[in-house]
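Observations on the three-dimensional arrangement
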Amino acid sequence: GFFQSYAVKVDIKDASNATCLYADWMMRFLITYEANNGEYKNTTLNLSSGVTHNGSVCGNDTQAALLAVQFGEGHSWSINITKNNETYQGDFTTLTYNTNDTAVFPDAKRKGPVTVLMKHLLHPVQLNTVFVCHSSYLIEAENVTQFFWNVTLQAFVQNGTVSKKESRCPADRPTSAPTVPPTTANVTTASTTTLSPAPTTHPSPVENPDTGNYSLKSGNKTCFLATVGLQLNISQDKPLLININPKTTTADGTCGNTTATLKLNDGNSTLIGF
């Protein structure tokens, strides 16, 4: 579902027509809204092909940079980026979605623009360095979840040229192999004349996940029940298997007459929705 959205490329110029703010990324939004019948529904807001970037600002030592885009039927998104000594970082994002867009909100009870302010988790990046994150990540606030992936961003570009030096997000960085401590089988002593080969170690297989019982209530009645063991198989440079631990996973969501949503959050930035 990620690739239903359009990629956005923004190249902001300063007064001398030199690039001062550059970004190329993809994003989408999962929004919960109240319908006319009182039910709460989930909808997905994707970027459209016709994106503008009115109101974007280069920024300087005293003024924050602003990357702003407008899309679809009255929707807009922006990120505020500040400069501090030798680094820049994202401070917060502002999403305004318009529930008058009946294609996205066909039966919204509340009509008109709704603005949601979120703290953005962009850590400090060295100046003259471009931030890159191909992996997907999300931020949440109120009734909105923002998803980002394939992100390339540099604020306060120097000399009008986007840097080739990259700062990768943690999810893009390869994990190092664990160090095997010495054991009596592979340690030599002064009296040893013949060495036995060190035992071959094989990675232990990931066990089957524990089964969890997850439920939602509507008033005093259970409206959603799931008994399931969950394991994620994530394709990266090296396959990554993650078991969802029921003991540390919380269930949330909504139930309606025709639609029910179960959200599982393991507390480690893993969010699964059914």
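Above this text is the structure in question.
These figures come from a predicted structure and were not determined experimentally. (Residues numbered from 1 in each chain as written. Predicted model: local features only at pLDDT ≥ 70, side-chain atom pairs only at ≥ 80, totals over all residues. Heavy atoms only, no water.)

**Things to note about the sheet that holds strand 19 (residues 271–273)**
To be explicit about the condition: Should DSSP find at least two bridges between two strands, the strands are taken to pair. For helices the rule is a DSSP run of H or I covering at least 4 residues; for strands it is a run of E covering at least 2, with both sets numbered from the N terminus onward. Lines are fitted to the C-alpha atoms to define the axes, a helix being fitted only along its stretch in contact, and any angle between axes, read from their N-to-C directions, falls within 0 to 180 degrees.
What the 3 strands build is an open sheet, ordered 17-18-19; its pairing is antiparallel. Edge strands, defined here as strands with exactly one partner in the open sheet, are strand 17 (250–255) and strand 19. Taken over all neighbouring pairs, the strand axes of this sheet differ in orientation by 15 degrees on average, direction set aside. Direction of pairing for strand 18 (residues 260–265) relative to strand 19: antiparallel, over a ladder of 3 bridges. Across the sheet, residue Asn265 finds its bridge partner in strand 19, namely Leu271.

**A few points about the packing of aromatic side chains**
As a reminder of what qualifies: For this analysis, a ring pair means two rings from Phe, Tyr or Trp (six-membered ring only for Trp) whose centres lie within 6.5 Å, classed as stacked if their planes differ by under 30 degrees, edge-to-face if by over 60, and tilted for the remaining angles. Whether a residue is buried, partly exposed or exposed follows from its accessible area with a 1.4 Å probe, protein chains only, as a fraction of its type maximum: under 20%, in between, or over 50%, in that order.
Scanning all chains against the criterion turns up 6 aromatic pairs. Centre to centre, the rings of Trp25 and Trp77 are 5.7 Å apart; their planes meet at 40 degrees, and the pair counts as tilted. One end of the pair, Trp25, is in strand 2 (residues 19–34); the other, Trp77, is in strand 5 (residues 75–84), and 52 residues separate them in sequence. Accessibility classification places Trp25 together with Trp77 in one group, the buried group. With 5.4 Å between their ring centres and 25 degrees between their planes, Tyr97 and Phe105 make a pair best called stacked. For the pair shown, Tyr97 and Phe105 are each scored as buried. Members of the aromatic cluster, each reached through a chain of ring pairs, are Trp25, Trp77, Tyr137 and Phe148.

**Here we look at empty space enclosed by the protein**
We count it as follows: Lining residues are defined by having an atom within 4 Å of a point belonging to a cavity or pocket. Those points lie on a 1 Å grid over the protein atoms alone, cavities being sets where a 1.4 Å probe fits but cannot get out and pockets being open sets with protein on both sides within 12 Å along at least five of seven lines. Grid points are joined across faces, edges and corners, and a volume is the space filled by probe spheres set on the points.
On inspection of all chains with the given rule, the structure shows 1 cavity of 30 Å³ or more. The volume enclosed by the largest cavity comes to roughly 110 Å³. As for the largest cavity, its lining consists of 12 residues, and the residues nearest its centre are Trp25, Trp77, Ile79, Val151 and Leu153. Looking at the lining of the largest cavity, the elements that each hand over two or more residues are strand 2, strand 5 and strand 11 (144–155). For the lining of the largest cavity, the element with the highest residue contribution is strand 11, accounting for 4 residues.

**Digging into the state of the cysteines**
By definition, a disulfide links the sulfur atoms of two cysteines through a covalent bond. This is how it is decided: Any two cysteine sulfur atoms lying within 2.5 Å of each other are counted as a disulfide.
Applying the stated criterion across every chain, the model contains 3 disulfides. Shown here is the disulfide that connects Cys133 with Cys169, its sulfur atoms set 2.1 Å apart. What sets the handedness of the Cys133 and Cys169 disulfide is the S-S torsion sign, and at about 75 degrees it is right-handed. One end of the pair, Cys133, is in strand 9 (residues 130–133); the other, Cys169, is in the loop between strand 12 (166–168) and strand 13 (211–218), and 36 residues separate them in sequence.

**Topic: the nonpolar core**
What tends to happen in soluble globular proteins is that the nonpolar side chains get buried as a cluster. This is how the line gets drawn: By convention a nonpolar core is built from buried Ala, Val, Leu, Ile, Met, Phe, Trp, Tyr and Cys residues, the set being connected through side-chain atoms within 4.5 Å. Contacts are assigned to residue pairs with any non-hydrogen atoms lying within 4.5 Å of each other.
Within the largest apolar cluster, 44 residues are counted, with the highest numbers of intra-cluster contacts made by Trp25, Trp77, Ile81 and Tyr97. Those residues in contact with Trp25, other than ones at most four positions away along the chain, are Tyr6, Ala7, Val8, Val10, Leu67, Val69, Trp77, Phe148, Trp149, Asn150 and Val151. One finds Tyr214, Leu230, Leu262 and Ile272 within the second-largest nonpolar core, a separate group that totals 9 residues.

**Looking at the side chain of Thr129**
Relative to the elements of secondary structure, Thr129 occurs in the loop between strand 8 (125–126) and strand 9. With residues near it in sequence (within four places) discarded, Thr129 still touches Tyr88, Gln154, Ser163, Lys165, Glu166 and Ser167.

**Here we look at unusual backbone geometry**
With a phi angle near 60 degrees, Asn128 is a residue other than glycine that sits in the positive phi range. Positionally, Asn128 belongs in the loop between strand 8 and strand 9. Notably, Asn159 is not glycine yet its phi reads approximately 60 degrees, a positive angle. Look at Asn159 and you get exposed, because its relative accessible area is 78%.

The analysis is restricted to geometry; functional conclusions fall outside its scope.
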